Amino acid sequence: MKKTTKFISAALAAALCAGLLAGCNSASSSSGSTSASGSASASASASASSSTSASAESIDYSKGLAENGHIDGVTALDYVTLPADYAAIPLAAGTADVSDEDVQAQIDMILAQFAEPTQVTDRAIEDGDQVNIDYSGSIDGEKFDGGTASSYMATAGSAEFIDDFLTQIIGHTPGETFDVEVTFPDPYKSNPDLAGKDALFEVTINYIEESVPPEFTDDFVKENLTASYGWESAEHARESIREDLRQGQISQFVWNYMMENSTVSEVPQAVLDFQSGAMLNQLKGQASMYGIDSATFLQAMGVASEEAFLEQYAEDIKSSATQLLIIQAIAEDAKLKADDAALAKYFSDNMGTEDYSTYEEHFGRPYVSMVVLSELANNYLMDNAVNA
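Since we're looking at a predicted model, the values are computed, not measured.

Turning next to the overall build of the protein chain. When helices and strands are counted, the protein chain shows 15 helices and nine strands. A total of 388 residues make up the protein chain; the buried ones form 42% of that total. Carbon and sulfur atoms make up 47% of the accessible area of the protein chain, which amounts to about 19700 Å² in all.

This is the structure we're talking about:
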């Protein structure tokens, strides 16, 4: 991941999940809004294309935050009792273990992004294959409109075509020409004249298309991944991925531990208000990507209003607000501060520069401080965790 992207991801995670960075058990909290927004993408695109006056809405990321990254006016330790051993959380056996299979799975996901389509002609078609075909259909020896196509890509075994058309091509080999017999459904809205009729299709298999990933070699890493990840060789990449997975597992464990063993007497309204605002900010940001306002985007999602949106995710908001309160409690108790030095180190470590002025201008100092404070709390827990 590019270093600049890492900050933005952390910032968005903070907006969605009250500032919790990688490893905190907040993924489930944010997934609802992400998937809901994703399902509206097509509708939003359509709205954007018809919109003539949409403009980006103002987003105040720092609203409700103090300069130090805390929730303004809230002392978290008034509401949170941290576990007595939070500064030395006992790690369960195997928490830091990462298998070769886990590492390879990550590599495979990376390689899939660079896979190239390849035409295969030397094997039989299997269920689920992407297949390029020509077909010509006839009823009682007469061709009909819409029954002929060339170089059509279809999925073998799917219900993309009528009847069991695409099941009948399974087992055939590229280069073969053969007949497929099907019956049109009745009724058949696409062409009522064909409803219930038997048809014969002459089918030619052109090729099977497979996505073939490249080999994970030193040359591949240098050419495609060094600039983004800083990896200098395939082995360096494997070691880095293994360490990232290890750190992620430890972080996940310690945050699960904190959520399960911290006692929260109450979540102040100020924290809930901040988290609600953060959810709406993310909504506005997504809407602006389509050139529309958040009300139009919500409409595309099938949600009547901002109030209805927040009500829909009320449980997620409270969960994320609780996590934010615990983070702030850790910062207060451990005397962690997102001061100038901490911010400079964060940006130096993650972006290769101590100059964070661009981010401060966009997000506001309080918000950037909250992101850094979240990482400081995360690092504090991980650095002090001990093997059981």
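Still more ground to cover, so stick around.
With 85% of its residues at a pLDDT of 70 or more, the protein chain shows a mean pLDDT of 86. Note on residues 1-55: pLDDT is under 50 here. Beyond four places in sequence and across chains, it has 115 contacts.

Among the nonpolar cores identified, the biggest contains 60 residues, and Val-254, Met-258, Phe-309 and Ile-330 are the most heavily contacted of them. Counting only elements with at least two residues in this core, the list comes to α8 (234-261), α9 (269-289), α10 (294-301), α12 (314-334), α13 (340-351), α14 (357-363) and α15 (365-384). Beyond its immediate stretch of four places on either side in the chain, Val-254 contacts Ile-89, Leu-91, Leu-381, Met-382 and Ala-385. If you look at the next biggest cluster of nonpolar residues, it comprises 26 residues, including Ile-139, Leu-166, Phe-201 and Ile-205.

Attention now goes to the layout of surface pockets. Space inside the second largest pocket adds up to approximately 230 Å³. Lining the second largest pocket are 16 residues, and of these Asp-60, Lys-63, Asp-273, Phe-274 and Gly-277 lie nearest its centre. When the residues that make up the lining of the second largest pocket are grouped by side-chain class, the tally is seven nonpolar, four polar and five charged.

This part is about the environment of Glu-210. Secondary-structure assignment places Glu-210 in strand β7 (residues 198-212). Excluding residues that lie within four positions of it along the chain, Glu-210 makes contacts with Glu-116, Pro-117, Thr-118, Val-120 and Arg-123. Within the local environment of Glu-210, its side chain forms a polar contact with the side chain of Arg-123, the two groups lying 2.7 Å apart.

In the contact formed by α8 and α15, the axes pass within 10 Å of each other and the chain directions differ by 100°. On the basis of their axis angle, the class for α8 and α15 is roughly perpendicular. Contact with α8, carried on its side by Gln-247, Ile-250, Ser-251, Val-254, Trp-255 and Met-258, involves Asn-378, Leu-381 and Met-382 of α15 and no other residues of that element. A breakdown of the residues in the contact of α8 with α15 according to their chemical character gives six nonpolar, three polar and no charged.

Turning to the side chain of Asp-129, a few remarks are in order. Topologically, Asp-129 is positioned in the loop between β3 (116-120) and β4 (130-139). Side chain to side chain, Asp-129 and Arg-123 meet in a polar contact 2.8 Å long. Here the side chain of Asp-129 touches Glu-126 through a polar contact of 2.7 Å, landing on its backbone nitrogen. Non-local contacts of Asp-129, meaning those with residues more than four positions away in its chain, are made with Arg-123, Ala-124, Ala-154, Thr-155, Ala-156 and Ile-208.

A cluster of acidic side chains, namely Asp-140, Glu-142, Asp-179, Glu-181, Asp-198 and Glu-202, defines a negative patch on the protein surface. Breaking the negative patch down by element, the ones donating at least two residues are β6 (177-183) and β7. With respect to the helices, strands and loops of the structure, Asp-179 is situated in strand β6. With relative accessibility at 47%, the residue Asp-179 sits in the partly exposed group.

This part takes up the packing of aromatic side chains. Considering all chains together, one arrives at 22 aromatic pairs under this definition. When the centroid spacing of 6.0 Å and the interplanar angle of 70° are considered together, the rings of Tyr-135 and Phe-165 count as edge-to-face. Linking Tyr-135 in strand β4 with Phe-165 in helix α5 (residues 165-168), this pair joins segments that are 30 residues apart in sequence. Like Tyr-135, the residue Phe-165 is buried in the burial classification. Ring geometry for Phe-363 and Tyr-367: centres 5.3 Å apart, planes at 15°, overall stacked. Tyr-367 carries the same exposure label as Phe-363, and that label is buried. Through a chain of ring-to-ring contacts, the aromatic side chains of Tyr-135, Phe-144, Tyr-152, Phe-161, Phe-165, Phe-184, Tyr-188 and Phe-201 assemble into a single cluster.

Further remarks concern the environment of Phe-165. The exposure class of Phe-165 is buried, given its relative accessible area of 2%. Separated by 17 residues in the primary sequence, Phe-165 and Val-182 place their C-alpha atoms 6.4 Å from one another. Here Phe-165 is in contact with Ile-133, Tyr-135, Val-180, Val-182, Phe-201 and Val-203, once residues within four sequence places are set aside.

Relative to the helices and strands, Thr-322 is located in helix α12. A distance of 2.8 Å separates a polar side-chain atom of Thr-322 from the backbone oxygen of Lys-318. Once residues lying within four places of it in the same chain are set aside, the contact partners of Thr-322 are Met-259, Val-264 and Val-267.

Each value, and the rule that gives it
Residues numbered from 1 in each chain as written. Predicted model: local features only at pLDDT ≥ 70, side-chain atom pairs only at ≥ 80, totals over all residues. Heavy atoms only, no water. Helix = DSSP H or I, 4+ residues; strand = E, 2+ residues; numbered from the N terminus. Buried < 20%, exposed > 50% of the residue type's maximum accessible area, 1.4 Å probe, protein only. Areas by Shrake-Rupley, 256 points an atom, 1.4 Å probe, with all protein chains shown as cover. pLDDT = per-residue confidence, 0-100. Contact = heavy atoms within 4.5 Å. Core = buried A, V, L, I, M, F, W, Y, C linked by side-chain atoms within 4.5 Å. 1 Å grid on protein atoms, 1.4 Å probe; cavity = no way out; pocket = protein on both sides within 12 Å on 5 of 7 lines; lining within 4 Å. Points joined across faces, edges and corners; volume = space filled by probe spheres on them. Nonpolar A, V, L, I, M, F, W, Y, C, P; charged D, E, K, R; others polar. Polar contact = N/O pair within 3.5 Å; in protein donor to acceptor, adjacent residues only side chain to side chain. Axes fitted to C-alpha atoms, helices over the stretch in contact; angles between N-to-C directions. Parallel < 35°, antiparallel > 145°, perpendicular 65-115°, else oblique. Patch = residues over 30% accessible without salt bridge, like charges linked within 9 Å, V, L, I, M, F, W, Y side chains within 5 Å. Salt bridge = Lys/Arg side-chain N within 4 Å of Asp/Glu carboxyl O. Lys, Arg positive; Asp, Glu negative; His and termini not counted. Charge placed at Lys NZ, Arg CZ, Asp CG, Glu CD. Phe/Tyr/Trp six-rings, centres within 6.5 Å; stacked < 30°, edge-to-face > 60°.

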